Amino acid sequence: MDIKEIIDKKSKGKELTKEEIDYFVDGYTNGLVADYQASALLMAIKILGMTEKETFYLTNAMLNSGEIMDLSDLGFIVDKHSTGGISDTTSIALVPICAACGVKMLKLSGRGLGFTGGTIDKLEAFDGFKVDISMDDAKKLVKENGCCIISASSDLAPADKKLYVLRDTTSTVDSIPLIASSIMSKKLASGADAIVLDVKYGKGAFMKTKKDAISLAKLMVKIGEKAGKKMDYVVDDMNEPLGYNIGNRLESYEAIELLSGKKGKLRDVTIDLASKCVSLGLDIDYDSAYKKVVEVIDNKTALEKLKQMIKSQGGSTKLFKGLHLKPTLIIKSDKDGVLTKIDCSMLGTLVGQMGATRQKITDTIDYNVGIKTFHKLGQEIKKGDVLFEIYAKDKTQAKEFSEKFINCYNY
């Protein structure tokens with residue numbers, strides 16, 4: 001088999017066979033296919049697309065490039081995946097909610113990517129929380145507590161990891177079949193029996209339109225179902241932050257607030273996702289699952305389950321007693337208006353530049369930096385209202401970023 005012939009075939013819009021896709025993935029993973037050859041094929045795929053059959057073959061090839069977890073000794077396991085957003089702490093609240101409802105979750109999560117935060121970084125804001133624990137220890141925690149969140153292993157779908165780096169440098173990230181196969185190869189390798197997908201669209205997401213988000217979600221559902229998994233999805237709007245806080249410790253605290261009864265969009269989306277997870281996990285209808293989810297939030301069972309999970313993985317529970325952070329700078333509005341637009345991706349980028357995410361792999365995260373917002377789209381803002389509380393390293397940094405944050409709002 002010849003990689004040049006495969007590139008030529010795809011560039012003419014023809015469907016690739018399983019053998020050709022396997023050859024490409026295996027060859028690139030093992031260094032037999034050069035970067036420039038893989039780049040040419042990825043660009044052809046981005047421009048011309050892939051059939052569902054090709055996408056499934058690509059997913060399967062990346063899935064089989066590494067370890068596939070066996071969680072069968074834990075019983076029925078449910079997983080949830082988000083395509084990434086701003087102020088998205090759903091996983092930190094959702095996992096204990098599901099465990100409190102009797103649904104087991106062993107969730108593998110990642111760190112921040114681009115302008116979006118990562119669940120692992122947020123969990124490490126609970127001082128001492130261990131994310132790099134063995135699979136045997138993780139399984140013990142699931143058996144004891146019903147839930148566990150750990151860092152995703154590099155042994156899962158290594159072909160995807162190598163291809164993603166290339167996609168990121170060749171402008172081939174925004175391809176629905178490439179995104180679907182990338183996500184699902186890792187999710188299928190994680191060993192869950194059911195998967196609920198949270199696919200976001202808008203200014204603060206990788207999918208910019210609702211139509212593309214739905215197309216991506218449906219494609220991933222088909223891939224999962226073909227692999228024998230129970231699947232469901234939610235599509236939600238990321239043209240504004242999901243919650244009010246952006247930054248690792250701030251967001252972790254907002255998850256605690258959610259489980260303590262705080263209302264808002266973050267709670268609504270979390271309940272929707274958790275209800276779908278519980279529906280699949282307990283094999284009950286959505287309405288019955290919804291009632292269970294709301295009940296464990298209202299009676300604080302889910303909050304206690306989160307505290308149990310944090311303690312079991314070595315984390316401090318100090319954050320459950322209060323944020324214990326004071327804003328470095330408070331920004332107030334100098335005019336009246338109605339909030340018509342929020343540049344979500346820029347908000348995330350700016351908080352990342354303050355130190356909330358790694359700009360390069362050797363960087364150390366500052367878990368305390370971030371911002372608290374106070375308004376959602378369509379809300380009236382009056383002169384003198386607080387726009388942001390900025391939590392910075394110092395006053396100099398806060399003043400440096402203040403105008404940039406203000407420019408993220410149109411009102």
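Residues numbered from 1 in each chain as written. Predicted model: local features only at pLDDT ≥ 70, side-chain atom pairs only at ≥ 80, totals over all residues. Heavy atoms only, no water.

Visitor: It is not clear to me how helix α15 (residues 344-356) should be interpreted in this structure. Could you clarify?
Guide: Residues spaced three or four apart along an α-helix face the same direction, because each turn holds 3.6 residues. The first and last C-alpha atoms of α15 sit only 15 Å apart over 13 residues, clearly below the 18 Å expected at 1.5 Å per residue. Regarding α15, the residues found buried are C344, S345, L347, G348, L350, V351, G352, M354, G355 and A356. (Helix = DSSP H or I, 4+ residues; strand = E, 2+ residues; numbered from the N terminus. Expected span 1.5 Å × (residues − 1). Buried < 20%, exposed > 50% of the residue type's maximum accessible area, 1.4 Å probe, protein only.)

Visitor: Help me understand the environment of P327 in this model?
Guide: Along the chain, P327 turns up in the loop between α14 (301-312) and β7 (329-332). For P327, a relative accessible area of 29% corresponds to the partly exposed category. Between the C-alpha atom of P327 and that of D394, which follows or precedes it by 67 residues, the distance is 10.0 Å.

Visitor: Help me understand the sheet that holds β7 in this model?
Guide: The pairing of strands in a sheet happens through backbone hydrogen bonds and is either parallel or antiparallel. As summarised here, the arrangement of the four strands in space is β6-β10-β12-β7, forming an open sheet in which the pairing is antiparallel. At either margin of the open sheet sits one strand with a lone partner, and together these are β6 (245-246) and β7. Summarising the sheet, β7 and strand β12 (residues 386-391) pair through four bridges and their orientation is antiparallel. Residue pairing in the sheet places K332 in a bridge with V386 of β12. Against the sheet, α15 makes contact with β6, β10 (370-373) and β12, and its axis sits at roughly 145 degrees relative to β10, the strand it touches most. (Pairing = 2+ DSSP bridges. Contact = heavy atoms within 4.5 Å. Axes fitted to C-alpha atoms, helices over the stretch in contact; angles between N-to-C directions.)

Visitor: Sorry if this is basic, but what is going on with unusual backbone geometry here?
Guide: Glycine aside, residues mostly have negative phi angles, and peptide bonds mostly take the trans form. Here the phi dihedral of S87 falls at roughly 60 degrees; this positive angle occurs in a residue that is not glycine. Among the secondary structure elements, S87 is positioned in the loop between β1 (78-82) and α5 (90-100). Here the phi dihedral of K300 falls at roughly 70 degrees; this positive angle occurs in a residue that is not glycine. By secondary structure assignment, the location of K300 is in the loop between α13 (286-298) and α14.

Visitor: I would appreciate a short explanation of the pattern of salt bridges in the present structure.
Guide: Opposite charge on two side chains permits them to pair, given that their charged atoms come into close proximity. Taken as a whole, this structure holds 22 salt bridges when the rule is applied. The partner of D22 in a salt bridge is K18, with the nearest N and O atoms 2.8 Å apart. Of the two residues, D22 and K18 are both situated in helix α2 (residues 18-29); the distance of four residues between them amounts to about one turn of the helix. Classification of K18 by relative accessible area gives partly exposed; the value is 34%. A salt bridge links K265 to E240; its shortest N-O distance comes to 3.9 Å. Of this pair, K265 sits in helix α12 (residues 265-282) while E240 sits in the loop between β5 (230-237) and β6, and the two are 25 residues apart along the sequence. Classification of K265 as partly exposed rests on a relative accessible area of 22%. Given the relative accessible area of 12%, E240 is considered buried. (Salt bridge = Lys/Arg side-chain N within 4 Å of Asp/Glu carboxyl O.)

Visitor: What should I look at first to understand the pairing of β1 in this one?
Guide: Both faces of the sheet carry side chains from a regular strand, because those side chains alternate between them. Within β1, five of the five residues are buried, which leaves the element mostly enclosed by the surrounding structure. In the sheet, β1 pairs with strand β4 (residues 194-201) via five bridges, with the strands oriented parallel. Along β4, the bridge assignment pairs K80 with V196.

Visitor: Looking at this structure, how should I read the sheet that holds β5?
Guide: In space, the three strands of this open sheet follow the order β1-β4-β5, with parallel pairing throughout. Of all strands in the sheet, those bounded by a partner on one side alone are β1 and β5. Here the average twist between neighbouring strands, direction ignored, is 15 degrees. Together, β4 and β5 form the strand contacts of helix α10 (residues 210-226), whose direction differs from that of β5 by roughly 170 degrees.

Visitor: Quick question: what am I supposed to make of the pairing of β10 here?
Guide: Bridge count for β6 against β10 is two bridges, and the pairing is antiparallel. Across the sheet, the residue bridging to I246 is I371, located in β10. In this sheet, β12 lies alongside β10 in antiparallel orientation, the contact comprising four bridges. Note that in β12 the partner of T373 across the bridge is F388.

Visitor: Teacher, can you tell me more about the packing of aromatic side chains here?
Guide: Aromatic rings in a pair are described by how distant their centres are and how their planes are angled relative to each other. In total, this model carries five aromatic pairs according to the counting rule given. Here Y286 and Y290 contribute two aromatic rings whose centre-to-centre distance is 6.2 Å and whose plane-to-plane angle is 40 degrees, an arrangement assigned as tilted. Here Y286 pairs with Y290, and both are found in helix α13, just four residues apart, close to one helical turn. A relative accessible area of 30% means that Y286 is categorised as partly exposed. Between F388 and F405, the aromatic rings sit 5.9 Å apart at their centres with planes inclined by 45 degrees, giving tilted as the arrangement. Pair noted here: F388 is in strand β12 and F405 is in helix α16 (residues 395-406), with a separation of 17 residues, a long-range link. Accessibility assignment for this pair places F388 and F405 in one class, buried. In textbook terms, an aromatic cluster arises when at least three aromatic residues are bridged by ring pairs, as seen for F388, F401, F405 and Y409. (Phe/Tyr/Trp six-rings, centres within 6.5 Å; stacked < 30°, edge-to-face > 60°.)

As far as function goes, none of this settles anything; it's purely spatial.
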